[in-house]
Amino acid sequence: MSKKWETMELLAFNRHDWLNKIQLIKWNLELKNTEDAEGIIDEIIREAKNEAELSLLKMPKTAELLITSKWMGYPFTVDYEVLLIRKGCPQMDQCMYNWTVAFFDALSASVNLLWENELGIAVYESGEHIRFTFDLQGKIEDRDTVETFLQSGQGVSEVEIVTFTEEELVV
């Protein structure tokens, strides 16, 4: 599910997200729920920091995919965190982008559409390598599609399945 974004389209989606967040803060303040309003503000700060860290990876296609995934209509939400990256990996951008798009497509075809499926992604350095960990919490109905995809490798150097159950997948 790859899409070429137009600038105005991106700005419209982003503006819509920001207005929603501001409205949530405003409503919580009107209801005197300052803790909830502060929690929303903290989440906005966390998201902004992760977007900034993602851009430091020097992997623009992969960064764009992760940032725009919330607007792509996947049957799962995507939350990512970038941890302690000191250098980027531009030579792996196209490969990682292609693999992630294919992985998102395999998951989209496999998860139960009625469940709240959440995909957490952690990006971190391990030795000389940048590693991506994908953790799906939800309901996988078509295990074979996901398993076949993961075993194919799809051009990445190594895919390790840590956990694979009906309700959790960690790669």
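The rules behind each value
Residues numbered from 1 in each chain as written. Predicted model: local features only at pLDDT ≥ 70, side-chain atom pairs only at ≥ 80, totals over all residues. Heavy atoms only, no water. Helix = DSSP H or I, 4+ residues; strand = E, 2+ residues; numbered from the N terminus. Rg over C-alpha atoms; globule rule 2.2 N^0.38 Å. Buried < 20%, exposed > 50% of the residue type's maximum accessible area, 1.4 Å probe, protein only. Contact = heavy atoms within 4.5 Å. Areas by Shrake-Rupley, 256 points an atom, 1.4 Å probe, with all protein chains shown as cover. Axes fitted to C-alpha atoms, helices over the stretch in contact; angles between N-to-C directions. Parallel < 35°, antiparallel > 145°, perpendicular 65-115°, else oblique. Left-handed = near helix turned anticlockwise from the far one by under 90°. Nonpolar A, V, L, I, M, F, W, Y, C, P; charged D, E, K, R; others polar. Expected span 1.5 Å × (residues − 1). Phe/Tyr/Trp six-rings, centres within 6.5 Å; stacked < 30°, edge-to-face > 60°. Salt bridge = Lys/Arg side-chain N within 4 Å of Asp/Glu carboxyl O. Core = buried A, V, L, I, M, F, W, Y, C linked by side-chain atoms within 4.5 Å.

Enquirer: Quick question: what am I supposed to make of the overall build of the protein chain here?
Expert: Tallying secondary structure elements over the protein chain gives five helices and five strands in all. Its helices and strands in sequence order give the protein chain the pattern α-α-α-β-α-β-β-α-β-β, from N to C terminus. Compactness check: the protein chain gives a C-alpha radius of gyration of 17 Å against a globular reference of 16 Å for 171 residues, within 12% of the reference. With respect to the principal axes defined by its C-alpha atoms, the protein chain has extents near 50 × 40 × 30 Å. Taking all 171 residues of the protein chain together, the buried fraction comes to 37%. Within the protein chain, contacts between residues at least 6 apart in sequence are counted, and of these 69% link residues at least 24 apart. For the protein chain, the computed accessible surface area is about 10400 Å², with 54% contributed by carbon and sulfur atoms.

Enquirer: So what exactly am I meant to see when it comes to the environment of Gly73 here?
Expert: Along the chain, Gly73 falls in the loop between helix H3 (60-68) and strand E1 (77-83). The exposed category is assigned to Gly73, whose relative accessible area is 62%.

Enquirer: What should I look at first to understand the packing of helix H1 (residues 7-30) against helix H2 (residues 34-55) in this one?
Expert: Two quantities define a packed helix pair, namely the angle between the axes and the distance from one axis to the other. The N-to-C vectors of H1 and H2 enclose an angle of 155°; their axes lie 7 Å apart at closest approach. Overall, the two elements H1 and H2 adopt an arrangement that is roughly antiparallel. As for how H1 packs across H2, the hand of that crossing is left-handed. Across from Trp18, Lys21, Leu24, Ile25, Asn28 and Leu29 in H1, the residues of H2 making contact are Thr34, Asp36, Ala37, Ile40, Ile41, Ile44 and Glu47. Each residue belonging to the contact of H1 with H2 can be placed in one class, and the counts come to eight nonpolar, two polar and three charged.

Enquirer: Any chance you could explain H1 here in plain terms?
Expert: Since the α-helix turns once every 3.6 residues, residues separated by three or four places project in the same direction. Taking 1.5 Å of rise per residue, the 24 residues of H1 would be expected to cover 34 Å, and the 34 Å separating its terminal C-alpha atoms lies within 8% of that figure. Every buried residue of H1 is accounted for by Asp17, Lys21, Ile25 and Asn28. In this structure, the buried residues of H1 make contact with H2.

Enquirer: Even after reading the chapter, I still don't get the packing of aromatic side chains, so can you show me in this structure?
Expert: Two aromatic rings, taken as a pair, are described by how far apart their centres are and by the angle between their planes. Counted by the stated rule, this structure contains 10 aromatic pairs. Considering the side-chain rings of Phe76 and Phe104, the 5.5 Å spacing of their centres and the 75° angle between planes classify their relative orientation as edge-to-face. A residue pair is termed long-range when its members are at least 10 positions apart, and Phe76 in the loop between H3 and E1 and Phe104 in helix H4 (residues 93-110) qualify at 28 residues. With relative accessibility at 5%, the residue Phe76 sits in the buried group. Ring geometry for Trp99 and Phe134: centres 5.3 Å apart, planes at 50°, overall tilted. Linking Trp99 in helix H4 with Phe134 in strand E3 (residues 129-137), this pair joins segments that are 35 residues apart in sequence.

Enquirer: Where do I start with the pattern of salt bridges in this structure?
Expert: Oppositely charged side chains may form a pair once their charged atoms are brought near each other. Scanning the entire structure with this criterion turns up seven salt bridges. The salt bridge involving Glu47 is made with Lys21; its shortest N-O contact spans 2.6 Å. Pair noted here: Glu47 is in helix H2 and Lys21 is in helix H1, with a separation of 26 residues, a long-range link. For Lys21, a relative accessible area of 18% corresponds to the buried category. Among the ionic pairs, Asp79 bridges to Arg46, the shortest N-O distance being 2.8 Å. Note that Asp79 is positioned in strand E1 and Arg46 in helix H2, a separation of 33 residues in sequence.

Enquirer: Sorry, what's going on with the nonpolar core here?
Expert: Most often, soluble globular proteins have nonpolar side chains that are buried together. Counting 38 residues, the largest nonpolar core has Phe103, Phe104, Leu119, Ile121 and Leu169 as the members making the most contacts within it. Of all the secondary structure elements, the ones that give two or more residues to this core are H3, E1, H4, strand E2 (118-126), E3 and helix H5 (143-152). Per-element accounting of this core gives the leading share, eight residues, to H4. Contacts of Phe104, omitting those with residues within four sequence positions, involve Leu65, Leu66, Ser69, Tyr74, Phe76, Val78, Leu119 and Ile121.

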